[in-house]
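Okay, here's what each chain looks like letter by letter:
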Amino acid sequence: MINDVIDQLAGITPGSPLDRLRARRPGAREHAQRSFDALFTPDDDSEVTLVERDAIAAFVAGLHQDAEIASFYADRLAELSSGLLKAVESEIEAGGTTGPYGVYPDGGPLAKESDEGLRYRARNPADLGVRLAAAFQHAHLLVFRPREAREDDLDALARAGWSATAIVSLSQLVAFLTFQIRVVAGLRLLRKGSAS
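In what follows, the accompanying structure is described. Starting from 1, residues in each chain are numbered consecutively following that chain's sequence as written. Since the coordinates come from a predicted model, pLDDT governs what is reported: local features require at least 70, and pairs of side-chain atoms require 80 or more to be given and counted, while whole-chain, interface and lining totals use all residues. The side-chain figures draw on all heavy atoms in the structure; neither hydrogens nor water molecules are used.

1. Points about the nonpolar core
A general feature of soluble globular proteins is that nonpolar side chains tend to end up buried together. Counting residues in each nonpolar core, the largest one holds 54 residues, and the members touching the most others are Phe-40, Ile-56, Tyr-73, Phe-136 and Trp-162. By the criteria applied, helices consist of DSSP H or I runs no shorter than four residues and strands consist of E runs no shorter than two, each listed in order from the N terminus. At the level of elements, helix H1 (5–10), helix H3 (26–40), helix H4 (50–63), helix H5 (67–80), helix H6 (82–95), helix H8 (130–144) and helix H10 (164–195) are the ones that each hand at least two residues to this core. Top element by residues in this core is H10. It accounts for 10 residues. Beyond its immediate chain neighbours, meaning those up to four positions away, Phe-136 contacts Ala-55, Ile-56, Phe-59, Val-88, Glu-91, Tyr-120 and Leu-128. In this text, buried Ala, Val, Leu, Ile, Met, Phe, Trp, Tyr and Cys residues form a nonpolar core when linked through side-chain atoms within 4.5 Å. For every residue, the accessible area obtained with a 1.4 Å probe (protein chains only) is divided by the maximum for its type, and the residue is called buried under 20%, exposed over 50%, and partly exposed between those limits. Any pair of residues with heavy atoms lying within 4.5 Å of one another is described as a contacting pair.

This is the structure in structure tokens:
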């Protein structure tokens, strides 16, 4: 088990200025790590398997275009399923874009912020399987088009075999990864700033 995955990904060493900074908020540090542990080493993985969790994490990290974090999650997936990793890498390529996207109603105060952008669909759903193809499409929606998420999107997950509990776990996973990636990016900037 990793002592602190955020420290590892941000390159924080024991006793460094950033280590001392993070130590000032021990609760935040502890809860972030506990969230990682709960999502990636749950007591019960019958609703969302470990392979599915690592595949989704590799996909979401790849979409965020942070090579080090993407590699961390790809390596985790490769330990469980190297064949699936190739399919995930293909889907990252198919879903790679910037964002956020979404369309506001015409004439509304935010209409000028509308941006259609990429509407991702799994490139090779047979390589992923029905459940993961649906999960990837939902994860892409949450990363790039969160304001467009609707009940129909949850229904699509249910049709693909995701239970209500599994859908909650999937959404928590995507939200946690987005949080983790942003925290790591901020800590890396602080580390670079303190080195100069």
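On we go.
2. Quick notes on unusual backbone geometry
A cis amide bond links Gly-99 with the next residue in sequence, Pro-100, at an omega value of 5°. Position of Pro-100 relative to the elements: it lies in the loop between H6 and helix H7 (125–128).

3. Thoughts on the packing of H5 against H6
The contact between H5 and H6 brings their axes to 6 Å, and the two run at 140°. Relative to H6, H5 is oriented oblique. Contacts between H5 and H6 involve Ala-74, Leu-77, Ala-78 and Leu-80 from the first element and Ser-82, Leu-84, Leu-85 and Val-88 from the second. Polar here means any residue outside two lists: the nonpolar Ala, Val, Leu, Ile, Met, Phe, Trp, Tyr, Cys and Pro, and the charged Asp, Glu, Lys and Arg; Gly therefore counts as polar. A breakdown of the residues in the contact of H5 with H6 according to their chemical character gives seven nonpolar, one polar and no charged. Throughout, an axis means a line fitted to C-alpha atoms (over the contacting stretch in the case of helices), and angles, computed between N-to-C directions, take values from 0 to 180 degrees. Reported orientations rely on four angle classes, namely roughly parallel under 35 degrees, roughly antiparallel over 145, roughly perpendicular from 65 to 115, and oblique for the rest.

4. Looking at H5
Helix length check: H5 (14 residues) gives 20 Å between terminal C-alpha atoms against 20 Å at 1.5 Å per residue, within 8%. Listed as buried for H5 are Ile-69, Ala-70, Phe-72, Tyr-73, Ala-74, Arg-76 and Leu-77. Each polar contact in these results corresponds to two N or O atoms within 3.5 Å; when the atoms are within protein, one needs to be able to donate a hydrogen and the other to accept it, and residues that are neighboring in sequence are counted only if both atoms are side-chain atoms. Here H5 starts with a cap whose side-chain oxygen sits 3.2 Å from the backbone nitrogen of Glu-68, and that cap is Asp-66. To estimate how far a helix should reach, multiply one less than its number of residues by 1.5 Å.

5. Concerning H8
A turn of α-helix holds 3.6 residues, and therefore any two residues three or four places apart point the same way. Spanning 15 residues, H8 covers 21 Å between terminal C-alpha atoms, matching the ideal 21 Å at 1.5 Å per step. Extensive coverage of H8 is indicated by the burial of 11 of its 15 residues. Considered for burial, the residues of H8 that qualify are Leu-132, Ala-133, Ala-134, Ala-135, Phe-136, His-138, Ala-139, His-140, Leu-141, Val-143 and Phe-144.

6. Details of the environment of Pro-109
Mapped onto the elements of the fold, Pro-109 is located in the loop between H6 and H7. Residues Pro-109 and Ser-35 lie 74 residues apart in sequence; the distance between their C-alpha atoms is 37 Å.

7. Here we look at the environment of Gln-33
Locating Gln-33 in the fold gives a position in helix H3. Distance in space between the C-alpha atoms of Gln-33 and Asp-7 is 9.8 Å, their sequence separation being 26 residues.

8. Section: the pattern of salt bridges
What makes a salt bridge here is a side-chain nitrogen of Lys or Arg within 4 Å of a carboxyl oxygen of Asp or Glu, nothing more. Tallied over the entire structure, the rule returns 15 salt bridges. Here Arg-34 makes a salt bridge to Glu-30, at a shortest N to O gap of 2.8 Å. Of this pair, Arg-34 and Glu-30 both sit in helix H3, four residues apart, which is roughly one turn of the helix. A relative accessible area of 52% means that Arg-34 is categorised as exposed. Three or more residues joined by partner-sharing salt bridges are found here, namely Asp-4, Asp-7, Asp-19, Arg-22 and Arg-29.

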